[in-house]
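# An overview of the molecular structure
So the chains spell out like this:
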Amino acid sequence: MTAVLSGEADIGFMGSESSIYTYNEGATDYVVNFAQLTQRAGNFLVSREPIEDFQWEDLKGSTVLGGRKGGVHILM
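What counts and how
Residues numbered from 1 in each chain as written. Predicted model: local features only at pLDDT ≥ 70, side-chain atom pairs only at ≥ 80, totals over all residues. Heavy atoms only, no water. Helix = DSSP H or I, 4+ residues; strand = E, 2+ residues; numbered from the N terminus. Contact = heavy atoms within 4.5 Å. Areas by Shrake-Rupley, 256 points an atom, 1.4 Å probe, with all protein chains shown as cover. pLDDT = per-residue confidence, 0-100. Phe/Tyr/Trp six-rings, centres within 6.5 Å; stacked < 30°, edge-to-face > 60°. Patch = residues over 30% accessible without salt bridge, like charges linked within 9 Å, V, L, I, M, F, W, Y side chains within 5 Å. Salt bridge = Lys/Arg side-chain N within 4 Å of Asp/Glu carboxyl O. Buried < 20%, exposed > 50% of the residue type's maximum accessible area, 1.4 Å probe, protein only.

On a plain count of helices and strands, the protein chain comes out with 3 helices and 0 strands. Sequence separation of 24 or more characterises 19% of the internal contacts of the protein chain that already satisfy a separation of 6 or more. Total accessible area on the protein chain stands at roughly 7,400 Å², and carbon and sulfur atoms take up 53% of it.

In structure tokens form, the structure reads like this:
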């Protein structure tokens, strides 16, 4: 949202909450969300190698990078 509002980006990938917060703060040139990419959270897991029939239990004993420090994903 910051990059879009500052003019550094023309389009951004974000949840609708960013647009709502900005609009509620009184922005006159607010961002409009125009696409839904997921029906749930936009979290995803990436692997270096394909894993057939992946199960969450497959992650036991693995190191998982969970996003930025202090972000919700790292705390989950």
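Here the narrative resumes.
All right, on to the confidence of the model for the protein chain then. A residue-level look at the protein chain finds 72% of positions with pLDDT of 70 or above and a mean pLDDT of 77. Across the protein chain, element-level confidence peaks in helix α1 (residues 2–6) with a mean pLDDT of 85 and bottoms out in helix α3 (residues 72–75) with 50.

Another point: unusual backbone geometry. For Asp53, which is not glycine, the phi torsion reads 55 degrees and is therefore positive. With respect to the element layout, Asp53 can be found in the loop between α2 (16–24) and α3.

Here the focus is the packing of aromatic side chains. Counted by the stated rule, this structure contains 1 aromatic pair. Pairing Phe54 with Trp56 gives two aromatic rings, centres 5.3 Å apart and planes at 80 degrees, and the pair type is edge-to-face.

The next subject is a nonpolar patch on the surface. A cluster of nonpolar residues, Tyr23, Tyr30 and Val32, forms a patch on the protein surface that exposes about 330 Å² of accessible area. By the secondary structure assignment, Val32 is in the loop between α2 and α3. For Val32, a relative accessible area of 57% gives the class exposed.

All right, on to the side chain of Ser19 then. Among the structural elements, Ser19 can be located in helix α2. Since its relative accessible area comes to 8%, Ser19 is described here as buried. Apart from residues lying up to four places away in sequence, Ser19 is in contact with Met1, Met14, Val31 and Asn33.

Time to look at the side chain of Thr22. On the secondary structure map, Thr22 appears in helix α2. Residue classification places Thr22 among the buried residues on the basis of a relative accessible area of 12%. Apart from residues no more than four positions distant in its own chain, Thr22 is found in contact with Met1, Leu5 and Ala27.

Within the secondary structure, Leu5 is located in helix α1. C-alpha of Leu5 to C-alpha of Val31: the two residues are 26 residues apart in sequence and 7.8 Å apart in space. The residues contacting Leu5, other than those within four sequence positions of it, are Thr22, Asp29 and Val31.

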